[in-house]
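An overview of the molecular structure
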Amino acid sequence: MTTPPNPTNHRFPHRHLLGIEGLSSADISLILDLSEGYVAQNRQADKTRSTLHGRTLINLFFETSTRTRTSFELAGKRLGADVINMTVATSSIKKGETMIDAAVTLNAMRPDVLAVRHPDSGAVSLLSEKINGAVINAGDGSHEHPTQALLDALTIRRRRGRIEGLLVAICGDVLHSRVARSNIHLLNIMGARVRVIAPPTLLPTAIERMGVEVFHDMRKGLEDCDIVMMLRVQTERMQGNLIPSVREYFHFYGLDYDKLGAAKPDALIMHPGPMNRGVEIDSAVADDYGRSVIHEQVEMGVAVRMACLDLLTRDLDGGTD
Amino acid sequence: MAANGKTGQRPMALVNARLLDPASGLDGPGGILVENGAIADFGAHIGADGLDPRFEVVDCGGHCLAPGLVDMRVQLREPGEEHKETIATGSRAAAAGGVTTMVCLPNTAPVIDDIAVVEFIAHRAREVKLVKVFAYGAVTRGAKGADLTEMGLLAEAGVLAFTDGTRAVADAVVMNRALSYASIFDKMIIQHPEEPSLAGGGHMNKGEAATRLGLRGIPPVAEVLMIERDLRLLGAAGGRYHVAHVSTADGVEAVRRGKAQGLAVTCDTAPPYFTLNEGAVGDYRTFAKLSPPLRAESDRAAIVAGLADGTIDAIASDHAPQDQDSKRLPFAQAAFGAVGLETLLPLALGLYHKGALGMLDVIACLTNRPAALLGLPSGRLAAGAAADLVLFDPDHPWRIEEADFYSKSKNAPYDGHPVQGRVERTIVDGRTIFAGRA
């Protein structure tokens, strides 16, 4: 079994990847450096290696997802692992009981890695206590989505050559966003400056204590930004509860060329997908391939997840209790 | 609106006046020159002598000349209830009352929860072309208390603040969101301070009078409860909060404490709450059925004290026209509200005549202070400012006769009530829109 060379001498010190919070800049750099090799591998005709030959990856999703689950599935398969997808409906059964039961049952089947998504914050961490293998948080409630932040970081680093010192604006529904929280952690760890732009109704309490500058005026917030990260806004939050309407939201917080004009002329536009065109982002901006790196983010996602699988299985034994 | 040039209106010299400008503290003899709809110059040096003959000279006879009144709480009933009042009749009533700027509540039909209604009102006001008419936007759609309106778009369309009018924003989550969302646009949330679960179904102040009349009461605690809840939310959510028509001693005290804590809270009251008490209901007089209700005498005295110490920022007419069909009913079925545009100034001047407030303090509550709350430049004398002015004789005694009202509705609890102080001329953008009653 050959593993790609470790570009630094840093050894990944964590058994699971439950969040960005708690990682060091060396941890993050290690994942990003390793991902670079997988980006290259994924661009070849033969995309498959046997790094994880014999290993089992289970994608355990308590919340529907297409792109993240597919991305993990591809990552596992390209590393030669056996991949199982399990989607557990949470609506009909009591969540906590089901999740722990599912974890214990699955653990008995001796999987090596579990990629877990759950609608409740903290649920993936709770589940990881019952698992002998490695657990990757594929998104837990409004808490963290570490692989999304890592793939965003890889996209930025490849385009800009660095993360440190960049000015990044995160715009939209920060209140409900695990993507925002993971990115805020990562960007701060890596030395970027972070702004959040949203109406106060879409910002969680004390968000400024997480190391961001808060803006309610999008043009002011975007001034001099290197990176514009848009967040998806759920339309059910647009019926006069947290924001009055779609048209009002787009008028004040939708990314169009007019507002984008406040950012740096070469500012990158990012979005974790899926996009609501005409709600948080204008179609023309989303499809501006000179500046929008939205599709590149998806490509980086597979490479980053391969790197995570690789790192987390390196020191993993056969799964004895 | 400053169309003097187009209409060929003559410049005007208002001379021999007692100038009142609470914003600068001016109270002294002088005059004002009005040209092109604006104040060209004012002060003690302006007199009839040596004036350019192109000026039309108005001798004020030593009477008070002040910024036109800014009335921050008016119901105009248009669109929707034009049988009670229209923007035209309401504007004539305002002009007769010395009001040059008024802000209407969104409880029209349709409710002012959409920019189209804001534009309709602005359009009608331009046609009527008397006083300046602004609107509040509703906090919630249909003023139903649940879903926020498009506050940003409404603010861009010109609404001055947000309120659900005669209904309280009762849901704490909705109030919390409204305060924080409106703060982006630096607009106040104006609350009708009444906890509906306590007040619902009541018809007059809860107390001895209600008990004797056999009417269900609205307890004073319904007011202070809502104010204190909102002040807690304000402290957490930020934004600006304004209590409309405060009527109880406890309500005033809650605002006083909120201000002392540094919260962004302000409030207004209306003349019934410092001139009358629940006794005015008498023998089921529906014209004295108001919301909030007329309170106990101790509450009335506390409102006067709140005005005197500046806790209460402004006096609004709380003009609420109701037709006969809405008032000639058993008390429990009658509608709430009283007209007030035409009695605002004399009733407020009662505070001065009784020695409770100085003249400039009374005028401040009617001019620069409400204007400042609303973010309007009006309500002050300044060179270059729009010539929105009121000339009044502060001492002239008269009796309020409801039949003489310009308002389409005549429902006031003051018929035959003796007052002092009469509007003699009202000027908007240099144009005389009211020149005294015949």
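The notes below deal with the structure included here. For every chain, the first residue of the written sequence is number 1, and numbering continues from 1 along that sequence. To label them, take the chains in the order written and letter them from A, then take the ligands in the order written and number them from 1. Side-chain atom pairs in this predicted model are given and counted only at pLDDT of 80 or more, local residue features only at pLDDT of at least 70, and totals for whole chains, interfaces and linings cover all residues. The side-chain quantities take in all heavy atoms of the structure and omit both hydrogens and water.

Notes on the layout of surface pockets
Let me state the cut-off plainly: In this analysis a 1.4 Å probe is tested at points of a 1 Å grid over the protein atoms alone, and where it fits but cannot get out there is a cavity; an open set with protein on both sides within 12 Å along at least five of seven lines is a pocket; lining residues have an atom within 4 Å of a point. Grid points are joined across faces, edges and corners, and a volume is the space filled by probe spheres set on the points. Numbering goes from the N terminus for both helices and strands, where a helix is a DSSP run of H or I of at least four residues and a strand is a run of E of at least two. Throughout, the ten residues Ala, Val, Leu, Ile, Met, Phe, Trp, Tyr, Cys and Pro are labelled nonpolar, Asp, Glu, Lys and Arg are labelled charged, and all others, Gly among them, are labelled polar.
Looking at the largest pocket, its volume works out to about 840 Å³. Lining the largest pocket are 36 residues, with Arg117, Arg178, Arg232, Gly273 and Pro274 of chain A positioned closest to its centre. At the level of elements, α2 (67-78), α5 (146-160), α6 (178-189) and α11 (294-313) of chain A are the ones that each hand at least two residues to the lining of the largest pocket. In terms of residue class, the lining of the largest pocket is built from 10 nonpolar, 17 polar and 9 charged. Roughly 580 Å³ of volume is contained in the second largest pocket. Lining the second largest pocket are 35 residues, and of these Thr166, Arg167, His192, Ser291 and Phe336 of chain B lie nearest its centre.

Remarks on the interface of chain B and chain A
The parts lose accessible area when they come together, and the size of an interface is often stated as this lost area. How we decide: The contact criterion used is simple: two residues touch if any of their non-hydrogen atoms lie within 4.5 Å. When two parts are brought into contact, each loses some accessible area as probed by a 1.4 Å sphere; the total of that loss over both is the buried area. When a carboxyl oxygen of Asp or Glu is within 4 Å of a side-chain nitrogen of Lys or Arg, the pair counts as a salt bridge. In the analysis that follows, any N or O atom pair within 3.5 Å is treated as a polar contact, provided that within protein one partner can donate a hydrogen and the other can accept it, and provided that, for residues neighboring in sequence, both atoms belong to side chains.
Counting from both sides, the interface comprises 17 residues of chain B and, opposite them, 16 residues of chain A. Both sides of the chain B and chain A interface together cover about 1,400 Å² of buried area, and 54% of this is carbon and sulfur. Broken down residue by residue, the surface that chain B buries against chain A is led by Glu150, Arg177 and Tyr181 of chain B, which jointly contribute 36%. Here chain B and chain A share 2 salt bridges between them. A salt bridge links Arg247 of chain A to Asp114 of chain B, with the nearest nitrogen and oxygen atoms 3.7 Å apart. The tally of links from chain B across to chain A stands at 9 residue pairs in polar contact (both at pLDDT 80 or more).

Structural notes on the environment of Asp49 of chain B
Summarising the element assignment, Asp49 of chain B is placed in the loop between β3 (38-43) and β4 (56-59). Measuring from C-alpha to C-alpha, the distance between Asp49 of chain B and Phe336 of chain B comes to 52 Å, with 287 residues separating the pair along the chain.

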